[in-house]
Amino acid sequence: SKRISTCEIRNGYLMPTIHYVSVFNKEDTLIPQSDLIDSGYVQNKCPVYNHKQSRTFVATSPIDFSLSIDRSNNKISCSRPELLEYDDEHINSPKPVFQLVFPKFLFYTEDDNIWFEFNDHPMTALNNNFIAISGWFNLSNWSRTSSTAITLVDEKRCVIIKKGDPLFRVSFYPPNLDDSIILKKETNTEVIHQWVDAHSKKSEEDWRPRLFSKTKTESKCPFSFLFK
């Protein structure tokens with residue numbers, strides 16, 4: 001099927017659309033970073049600052065969660081162990097690294113060359129004792145779920161997360177950085193199941209060569225079958 005752009009035009013600017021699904025908890029929602037910044041800050045008058053904020057969204061924790069590690073005694077304590085993933089290689093890094101299962105989002109776009117950036121949130125090192133591991137890739141070439149890997153700041157202290165705490169940020173970059181974007185949450189249960197199923201069947205050979213390459217005209221959205 002032909003690749004169909006979902007761009008909108010508002011005030012003379014293109015608005016590519018990025019769709020997302022809440023995989024962990026259907027109630028989880030990404031919040032525009034600008035909504036979490038007090039309007040009293042003078043930087044809100046700066047166009048350079050606002051240009052970045054309009055393309056950045058924050059994920060907050062849907063639950064209370066705690067984690068601690070004692071590597072000398074090979075002991076890990078966690079309030080919700082079913083929501084934590086790790087292996088020996090990551091535990092034995094210079095500082096321990098864990099994978100949080102929550103919150104988790106699946107992203108996709110039908111527009112070409114939209115880059116996705118996963119980034120830490122500056123408050124987690126201070127409030128929660130961890131730093132999320134960052135990364136980016138061409139979302140138009142590969143639709144995937146967010147992956148929240150965290151590095152402990154001080155392994156002698158607990159990681160303590162309260163419901164509503166910001167955990168990480170995501171940003172989206174179209175080819176023309178002056179274009180803004182529309183982030184749209186998918187709530188249709190049938191479509192969500194199709195998205196998740198299609199994503200789970202993709203192998204490493206499918207996505208690795210396309211992570212950083214330019215979108216090809218003949219390439220198809222991994223979920224193009226939804227629009228036939």
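This section reports on the structure supplied with the text. (Residues numbered from 1 in each chain as written. Predicted model: local features only at pLDDT ≥ 70, side-chain atom pairs only at ≥ 80, totals over all residues. Heavy atoms only, no water.)

## Digging into the sheet that holds strand E6 (residues 65–70)
So, step 1. Pairing is antiparallel in the open sheet, where three strands are placed in the order E7-E6-E16. At either margin of the open sheet sits one strand with a lone partner, and together these are strand E7 (75–78) and strand E16 (159–161). The average angle at which neighbouring strand axes cross in this sheet is 5°, direction not considered.
So, step 2. Here E6 runs beside E7; their pairing, made up of four bridges, is antiparallel. If you follow Ser 68 over to E7, its bridge partner there is Ser 77. (Pairing = 2+ DSSP bridges. Helix = DSSP H or I, 4+ residues; strand = E, 2+ residues; numbered from the N terminus. Axes fitted to C-alpha atoms, helices over the stretch in contact; angles between N-to-C directions.)

## Some remarks on the sheet that holds strand E17 (residues 166–173)
So, step 1. Here we have five strands laid out as an open sheet, ordered E4-E5-E17-E11-E13, and antiparallel in their pairing. Of all the strands in the sheet, the pair left with one neighbour each is strand E4 (31–32) and strand E13 (135–138).
So, step 2. Looking at chain direction, strand E11 (residues 115–120) and E17 are connected through six bridges and run antiparallel. Bridge pairing in E17 places Asn 119 opposite Arg 169.

## Comments concerning the nonpolar core
So, step 1. One finds Leu 30, Phe 107, Val 170 and Phe 172 to be the most contacted residues of the largest nonpolar core, which totals 37 residues.
So, step 2. With residues near it in sequence (within four places) discarded, Phe 107 still touches Ile 18, His 19, Tyr 20, Leu 30, Phe 116, Leu 139, Ser 143, Arg 144, Ser 146, Val 170 and Phe 172.
So, step 3. In this structure, Val 21, Leu 106, Ile 192 and Trp 195 belong to the second largest nonpolar core, which totals five residues. (Core = buried A, V, L, I, M, F, W, Y, C linked by side-chain atoms within 4.5 Å. Buried < 20%, exposed > 50% of the residue type's maximum accessible area, 1.4 Å probe, protein only. Contact = heavy atoms within 4.5 Å.)

## A few points about the packing of aromatic side chains
So, step 1. In total, this model carries 14 aromatic pairs according to the counting rule given.
So, step 2. Summarising the aromatic geometry, the rings of Phe 24 and Phe 102 are spaced 6.1 Å apart at their centres and angled 45° between planes, so their arrangement reads as tilted. Of the two residues, Phe 24 sits in the loop between strand E3 (17–22) and E4 while Phe 102 sits in the loop between strand E9 (97–100) and strand E10 (105–109), which places them 78 residues apart along the sequence.
So, step 3. Between Phe 107 and Phe 172, the ring centres sit 5.7 Å apart and the planes meet at 55°, which makes this aromatic pair tilted. Note that Phe 107 is positioned in strand E10 and Phe 172 in strand E17, a separation of 65 residues in sequence.
So, step 4. The class for Phe 107 is buried, based on a relative accessible area of 1%.
So, step 5. Cluster of aromatic residues (ring-pair linked, three or more members): Tyr 20, Phe 57, Phe 105, Phe 107, Phe 116, Phe 137 and Phe 172. (Phe/Tyr/Trp six-rings, centres within 6.5 Å; stacked < 30°, edge-to-face > 60°.)

## What about the side chain of Ser 140?
So, step 1. Here Ser 140 is to be found in the loop between E13 and strand E14 (144–145).
So, step 2. Given a relative accessible area of 2%, Ser 140 falls into the buried group.
So, step 3. A polar atom in the side chain of Ser 140 sits 3.0 Å from the backbone nitrogen of Asn 113. (Polar contact = N/O pair within 3.5 Å; in protein donor to acceptor, adjacent residues only side chain to side chain.)

## Digging into the pattern of salt bridges
So, step 1. The final tally for this structure, using the stated rule, is four salt bridges.
So, step 2. As a salt-bridge pair, Glu 117 and Lys 52 come within 3.9 Å of each other at their nearest N and O atoms. Linking Glu 117 in strand E11 with Lys 52 in helix H1 (residues 47–53), this pair joins segments that are 65 residues apart in sequence.
So, step 3. Residue classification places Glu 117 among the buried positions, given a relative accessible area of 14%. (Salt bridge = Lys/Arg side-chain N within 4 Å of Asp/Glu carboxyl O.)

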